[in-house]
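# Close look at the chain arrangement
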Amino acid sequence: MKITSFLPIFLLASSVLACPMDDEIHGDIIERDAEIVARSAEPDFDLLEVRDEEDEFDGSEEGELNARSLEGEGELMARATCNNGAGSGVCANKSKSCSGGKYYAGFCPGSSAIQCCVKGTKLPSIPIGGCKKYVYTNGYKIMKQFPTLISNVGCKGSRAYKSDHAVGKALDFILKKIAPNPNATKMAEYIMRNYSSLKVKYIIWNGKIWNRERKETPKPWSQWRKYTPPKALGTNCNARHCNHIHVSFF
Ligand SMILES: *[C@@H]1O[C@H](CO)[C@@H](O)[C@H](O)[C@H]1NC(C)=O
Ligand SMILES: *[C@@H]1O[C@H](CO)[C@@H](O)[C@H](O)[C@H]1NC(C)=O
Ligand SMILES: *[C@@H]1O[C@H](CO)[C@@H](O)[C@H](O)[C@H]1NC(C)=O
Ligand SMILES: [Zn+2]
């Protein structure tokens, strides 16, 4: 979206009024969360992302190992290393055990059966289909700092409204515990403080929004602007974002 076209609105609007732009972007969250949960059960593999990953290996010894293993040398494939953002691991067939850890899709070349086994973590999986790789990688980086708070995560989802979810550039971190949830507030503030390295555009949590597109600078969640859900959605917990943290990325 073009910041310049909204600038006059920003200047005129009182800081407590929710911007219609935000309402428009988030007008569809209620219906989509159910869809996101359903999708996360059956992640889809994005072949374009696989090509990106393969390119990174080009020219290296590992690249050659991978190229050969793609032709069926399964044993060599197991040596390829990977990193989901929260930790490093090895690429292996997800039908094999990843003892003490978990498989994460989207970080290994080749078949969607070959995934990144990261030990020492059981972070919820992010559905990668249509989700930008830097977005889901940043999602794991964020969850690594708060490994116990999230039940599941959504990314790509089609909506009737213009939405960063539609282009795979937004995450919904669905919380195990709804607001009030001081740990979730800490997580939202951590995401805000790291906005630059994580490419964060805006964050909505528990009735408040912080928006880097408006050049807002880091401040405690209690000082974020009020977020008013669109009228059509009512004022339930999901619409107010009291059960999940929404993060949009540039
Ligand atoms: C992964 O393992 C399954 C079950 O053993 C096997 O059928 C499948 O061909 C393997 N896939 C790859 C890409 O090695
Ligand atoms: C939330 O934070 C408190 C205090 O830091 C901690 O004791 C508690 O275990 C946290 N809860 C979860 C679910 O992580
Ligand atoms: C977030 O910022 C802190 C310092 O404020 C840093 O230690 C941490 O590595 C950053 N995390 C990410 C994911 O950028
Ligand atoms: Zn969302």
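Rules used in this analysis
Residue numbers here run from 1 along each chain, matching the order of that chain's written sequence. Chains carry letters from A onward and ligands carry numbers from 1 onward, assigned in written order. Local features in this predicted model are restricted to residues whose pLDDT is 70 or higher, and side-chain atom pairs enter the listing and the counts only when it is 80 or higher, whereas totals over whole chains, interfaces and linings include all residues. The basis for the side-chain values is all heavy atoms of the structure; hydrogens and waters are excluded. Think of it this way: one heavy atom of a residue within 4 Å of a molecule or strand is enough to make that residue near it. Pairing of N or O atoms within 3.5 Å defines a polar contact, subject to two protein rules: one partner must be a possible hydrogen donor and the other a possible acceptor, and residues neighboring in sequence count only if both atoms are side-chain atoms. The Shrake-Rupley method, run with a 1.4 Å probe, gives the accessible areas here. Residue values count only the displayed protein chains as cover. The nonpolar class holds Ala, Val, Leu, Ile, Met, Phe, Trp, Tyr, Cys and Pro. Asp, Glu, Lys and Arg form the charged class, and all remaining residues, Gly among them, are polar. A pair of strands is labelled paired if DSSP reports no fewer than 2 bridges between them. The secondary structure listing takes helices from DSSP runs of H or I that are at least 4 residues long and strands from runs of E that are at least 2 residues long, numbered from the N terminus. Residue contacts are defined here by distance: any two heavy atoms, one from each residue, within 4.5 Å place the two residues in contact. With axes taken as lines fitted to C-alpha atoms, and helix axes fitted only over the stretch in contact, angles between N-to-C directions fall between 0 and 180 degrees. The aromatic pairing rule takes the rings of Phe, Tyr and Trp, using the six-membered ring of Trp, and pairs them if the centres are within 6.5 Å, calling planes under 30 degrees apart stacked, those over 60 edge-to-face and the rest tilted. Between buried and exposed lies partly exposed: a residue is buried under 20% and exposed over 50% of the maximum accessible area for its type, with that area taken using a 1.4 Å probe on protein chains only. Whether a charge sits over a ring depends on NZ of Lys or CZ of Arg being within 6 Å of the ring centre and within 35 degrees of the ring normal. Here, two cysteine sulfur atoms that lie within 2.5 Å of each other are counted as a disulfide.

As recorded in an unreviewed UniProt entry, the protein goes by the name ARB-07466-like C-terminal domain-containing protein, listed as coming from Dactylellina haptotyla.

### Here's the deal with the site of ligand 2
Taken together, Thr 148, Leu 149, Asn 183 and Lys 186 make up all the residues around ligand 2. In this structure, an oxygen atom belonging to ligand 2 sits 2.6 Å away from a side-chain N or O atom of Thr 148. Side-chain polar atom of Asn 183 to an oxygen atom of ligand 2: 2.5 Å apart, as the coordinates give it. In isolation ligand 2 has 360 Å² of accessible area, and contact with the protein removes 31% of it. Taken together, the residues that form the shell around ligand 2 break down as one nonpolar, two polar and one charged.

### Some words on the sheet that holds strand β10 (residues 244–249)
Strand order in the open sheet made by the six strands is β5-β6-β10-β7-β8-β9, with antiparallel pairing throughout. Two strands bound the open sheet, and with one partner strand each, they are β5 (150–154) and β9 (225–226). By the bridge criterion, five bridges tie strand β6 (residues 170–175) to β10 in an arrangement that is antiparallel. Each residue of the ladder has a partner; that of Leu 171, found in β10, is Val 247. Lying on the sheet, helix α7 (residues 133–145) is in contact with β5, β6 and β10; it crosses β6 at an angle near 30°. Sheet strands in contact with helix α8 (residues 182–193) are β5, β6, β7 (200–205), β8 (208–211) and β10, and its direction is about 165° off that of β7.

### With respect to the site of ligand 3
Every residue lining ligand 3 is accounted for by Tyr 190, Asn 194, Ser 197 and Leu 198. Here a nitrogen atom of ligand 3 sits 2.6 Å away from a polar atom, N or O, in the side chain of Tyr 190. Within the side chain of Ser 197, a nitrogen or oxygen atom sits 3.1 Å from an oxygen atom of ligand 3. Computed on the free molecule, ligand 3 has an accessible area of 360 Å², of which 46% lies beneath the protein chains in the complex. Its residues placed into classes, the shell around ligand 3 shows two nonpolar, two polar and no charged.

### Points about the sheet that holds strand β4 (residues 114–119)
With antiparallel pairing, the four strands of this open sheet are ordered in space as β1-β2-β4-β3. Two strands bound the open sheet, and with one partner strand each, they are β1 (81–83) and β3 (101–104). In this sheet, neighbouring strand axes are inclined to one another by 45° on average, regardless of whether the strands run parallel or antiparallel. As paired elements, β3 and β4 share four bridges and run antiparallel to each other. Bridging from a neighbouring strand, Tyr 104 pairs with Cys 116 of β4.

### Points about the packing of aromatic side chains
Describing an aromatic ring pair means giving the distance of the ring centres and the angle of the ring planes. Throughout the structure, instances matching the rule amount to six aromatic pairs. Aromatic side chains Tyr 104 and Tyr 140 sit 5.0 Å apart centroid to centroid with 75° between the ring planes, which places their arrangement in the edge-to-face category. You can see Tyr 104 sitting in strand β3 and its partner Tyr 140 sitting in helix α7, a full 36 residues away along the chain. Taken together, a centroid distance of 5.5 Å and an interplanar angle of 50° make the contact between Tyr 195 and Trp 210 tilted. You can see Tyr 195 sitting in helix α9 (residues 195–198) and its partner Trp 210 sitting in strand β8, a full 15 residues away along the chain. Given a relative accessible area of 0%, Trp 210 falls into the buried group. These aromatic residues form a ring-pair network of at least three members: Tyr 104, Phe 107, Tyr 136 and Tyr 140. The positively charged end of Lys 208 is found above the aromatic ring belonging to Trp 221, 5.5 Å away from the centroid.

### Quick notes on the state of the cysteines
By the definition in use, this model includes five disulfides. For Cys 82, the disulfide goes to Cys 116, at an S-S distance of 2.1 Å. Between Cys 82 and Cys 116, the S-S dihedral sits near 95°, and the bridge is therefore right-handed. One end of the pair, Cys 82, is in strand β1; the other, Cys 116, is in strand β4, and 34 residues separate them in sequence. Cys 82 gets classed as buried once you look at its relative accessible area, which sits at 6%. In this structure Cys 116 comes out as buried when scored by relative accessible area, which is 0%.

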